[in-house]
Amino acid sequence: MNELYIVKHFLNKETYLKYRSLIKEDEVQGDTLILLKVLDEWYKNNTTEPSLDDLAYLAAIRLDKDKVQLLFRNLEQLELKESVLYYLNDLKRKRTLEELSLATYEASTGKNVDNKIQQLFLDLSSMVESKQDDDPFVKEDLDTILDDQLREPGFRWRLKTLNRMLGSLRGGDFGFFVARPETGKTTMLASEISHMATQLFKEDGPIIWFNNEEQSKKVKLRAYQASIGVTLQQLLSNPKKYQQEYIENTNDKILIYNNPTTNKRDVENICKRYKPSLVVFDQIDKVQGFSSDREDLRLGAIYQWARELAKEYNIPIIGVCQADGTAEDVQWLTMKHVSNSKTSKQAEADWIVGIGKLEDPAYSKVRYLSVMKNKLTGDADTEPMLRHGKMEVLIDPVIARYQDIA
């Protein structure tokens, strides 16, 4: 979630008083933290609610003029969203549960905290009642829904082919690429993620890439190459120059998880801490912390969890998984090629794209993208005829990029 939404909601004094104490300083970063402190200062010295101009005046003392103008231009354009209040309510419930857990532990060690425990139970009960009283239905009008789902783009792809077929990735969208080994799955991620990073504002959360397929430093090199469009030899020729160019391109927003294994618990903790704008799993099937008697059900649980994670943080999540042996030397992959799955993986995804490859050396640079599933809204330039279409693209592994043909 863009943390500026919380700042915008905190212009309302009742909302500020109810939820401000939940936002810990180590959980927000940079400019957002400064704006929250500015709000604290305002409410400490004023009984009225601040306007954006009031906030901008106080922020100008702490930030340079250009940054203030950019921040408040973004704040002015943000519409208040009920999803932010749902997030804050859930956060309040989690904080109360944490306090209750600590209080019960203290009680077990002989401390007299009965009154505190009783009050926490009452707080929880009131939250449950309040949640039940909330209107669970969509109340936004058509114009607002169109803005949210169609007019305002999400993350755009580097490949125009994918923009034409799928359209933007928006908050809550979960999908995955499927391909055989040595087809170019990680190159696809590097090519697209490095482009999506350019679409983030400085105050936005990072892109977190959970890598358990290749060495993380190799993956970071791919990200450098794809972002700038250069070879490894070029990177070697002038590291300082390309380091600076990479940071300017991406705001250094791509965080690659440096661990040979990825555990469900670690992912949840990292998302809670960094509040990402986008999460990537390469490969998603290898996420640990799930078990079942049947492998397809275990994998289904991973994909269901990833989908729920996308909804919880209102972010897109991109996964990568293997195609089975029947996809070898196949142009156009279908759902039957998804490995170790009957329908459990496919059922959870909003979109699935297969990457096919022929073994013929004459076609070594050609990849075949087939949209197996597509429940995305799309954009104004998304072509209805290609929503479940098949398109050829080129791969240039030397610079870690894919390229359009048509």
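In what follows, the accompanying structure is described. Small disclaimer: the values here were computed from a predicted structure and weren't measured. (Residues numbered from 1 in each chain as written. Predicted model: local features only at pLDDT ≥ 70, side-chain atom pairs only at ≥ 80, totals over all residues. Heavy atoms only, no water.)

**Comments concerning unusual backbone geometry**
Omega for the peptide link from D282 to Q283 comes to 5 degrees, which places this bond in the cis form. Relative to the helices and strands, Q283 resides in the loop between β4 (278-282) and α15 (295-313). The backbone phi angle of E182 is positive, close to 65 degrees, even though this residue is not glycine. For E182, the position within the fold is in the loop between β1 (174-179) and α10 (185-197). Under the relative-accessibility criterion, E182 is labelled exposed at 71%. Positive phi values are uncommon outside glycine, yet D329 reaches one of about 60 degrees. Of note, D329 is situated in the loop between β5 (317-322) and α16 (344-348). Residue D329 is classed as partly exposed on the basis of its relative accessible area, which comes to 42%. (Helix = DSSP H or I, 4+ residues; strand = E, 2+ residues; numbered from the N terminus. Buried < 20%, exposed > 50% of the residue type's maximum accessible area, 1.4 Å probe, protein only.)

**Observations concerning the packing of aromatic side chains**
Under the counting rule described, the total for this entry stands at 13 aromatic pairs. A centroid spacing of 5.2 Å and a plane angle of 65 degrees characterise the contact between F210 and Y257, whose relative ring orientation is edge-to-face. Of this pair, F210 sits in strand β2 (residues 207-211) while Y257 sits in strand β3 (residues 254-257), and the two are 47 residues apart along the sequence. We note that F210, like Y257, is buried. Connected via pairs of aromatic rings, a cluster forms that spans F210, Y257, F281, F290 and W305. (Phe/Tyr/Trp six-rings, centres within 6.5 Å; stacked < 30°, edge-to-face > 60°.)

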